[in-house]
Structures are given as C-alpha cells and as structure tokens.
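Secondary and tertiary structure notes
Each chain is listed here by its residues.
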Amino acid sequence: MPDVLARLLAETEIVPAVNQVEVHPYFSQPDVQKADAEHGILTQAWSPMGGITSYYGDPSRSTFNDPVIGEIATAHGKSPAQVMLRWHLQEGRSAIPKSVKPERIAANFDVFDFELTADELVRINALDTGVRSGPDPDSITLESFHRDIPEA
C-alpha cells in the first residue's frame, strides 16, 4: 500500500523492484499503481483475472462472467481470461495467473496476437468497484499467521 511503501522508502535505501498486489478488473488499486510508478516499481498482479472474486464475497459476480469482458472476448475470438491478461499487459503490469491445467496454461500464453482498443481498455477500467476481494493487507499480522519471522 502507498503508506507502507512510503514508510519503507523513508526507513531504508532499498527500492523494491516489484510490488505484488491484488489487481484485477474489479479491483485495480490505482493509488498503489501510481505510487509504484512514481518509484519505478513494477506492479505485479496476483489474482490477475479476478479468480479471487469467486472465493470471497458474491460468487455470482465473477470477472469471468462479466458481460463487458465477455463482449470484448467475443469480438477478439478470445476467452475472458485472455482479455484480462491482455489488459494487464497493455496497462504495463506483470500478471501471474495460476493454473494447473495444461490447456489453460497454454491459453494464458496466447495473448500476443491481438490488442485491445483504447475504448476497450476504458471499458475494462470502468469495471473497478474499489472493493478488495482478497484479504486486507492490514489484517495480516504475526499473530494472525502464527509464524515466527526471525528478522522481526
């Protein structure tokens, strides 16, 4: 988060190369991305296709079933997952999709033969709800994870 990044930069001389945070069409964290960019830090999206939206909150509201993403996917002859990965790439982020299925892994790489239009990028960006689907970073504490961290 920007406040944590500011504290880190104030207390150390090390600037992270990558900041891995929850980013998907329903939660794009523009303030985090802006802070990262200001310091030359690459934003890396975990749950880049919003799979986390299926695990928390309202499972009926999934990025994979979003009509806007579906319409864009149909227009390009691609899957919603491929559209979301292309969105990340065109927006300058790194994305780390998870899959154990060979056909999905192959499909995840098949995103370099099309480009989203400026209008399509705007439409996907407009899906941002500002609501986190994964755990709140402020809730992650030594007590909640019951693990000793020697450096702490």
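Relevant structure appears above.
The following refers to the structure shown. (Residues numbered from 1 in each chain as written. Predicted model: local features only at pLDDT ≥ 70, side-chain atom pairs only at ≥ 80, totals over all residues. Heavy atoms only, no water.)

1. Some points on the pattern of salt bridges
Taken as a whole and judged by the stated rule, the model has six salt bridges. Linking Glu22 and Arg132 is a salt bridge whose minimum nitrogen-to-oxygen distance equals 4.0 Å. On the criterion of sequence distance, the pair formed by Glu22 in strand β1 (residues 18–22) and Arg132 in the loop between α7 (118–125) and α8 (142–145) is long-range, its members being 110 residues apart. Its relative accessible area of 1% is what places Glu22 among the buried residues. In this structure Arg132 comes out as partly exposed when scored by relative accessible area, which is 25%. Ionic pairing is found between Lys34 and Glu38, a salt bridge with its closest N-O pair at 3.5 Å. Here Lys34 pairs with Glu38, and both are found in helix α2 (residues 30–38), just four residues apart, close to one helical turn. Grouping residues by exposure puts Lys34 and Glu38 together as exposed. (Salt bridge = Lys/Arg side-chain N within 4 Å of Asp/Glu carboxyl O. Helix = DSSP H or I, 4+ residues; strand = E, 2+ residues; numbered from the N terminus. Buried < 20%, exposed > 50% of the residue type's maximum accessible area, 1.4 Å probe, protein only.)

2. Describing the packing of helix α5 (residues 80–90) against α7
Two elements in contact, α5 and α7, have axes separated by 11 Å at closest approach and are oriented at 105°. Of the possible angle classes, the one that applies to α5 and α7 is roughly perpendicular. Contacts between α5 and α7 pair Val83, Trp87 and Gln90 from the former with Leu121, Ile124 and Asn125 from the latter. Looking at the contact of α5 with α7, its residues break down into four nonpolar, two polar and no charged. (Axes fitted to C-alpha atoms, helices over the stretch in contact; angles between N-to-C directions. Parallel < 35°, antiparallel > 145°, perpendicular 65-115°, else oblique. Contact = heavy atoms within 4.5 Å. Nonpolar A, V, L, I, M, F, W, Y, C, P; charged D, E, K, R; others polar.)

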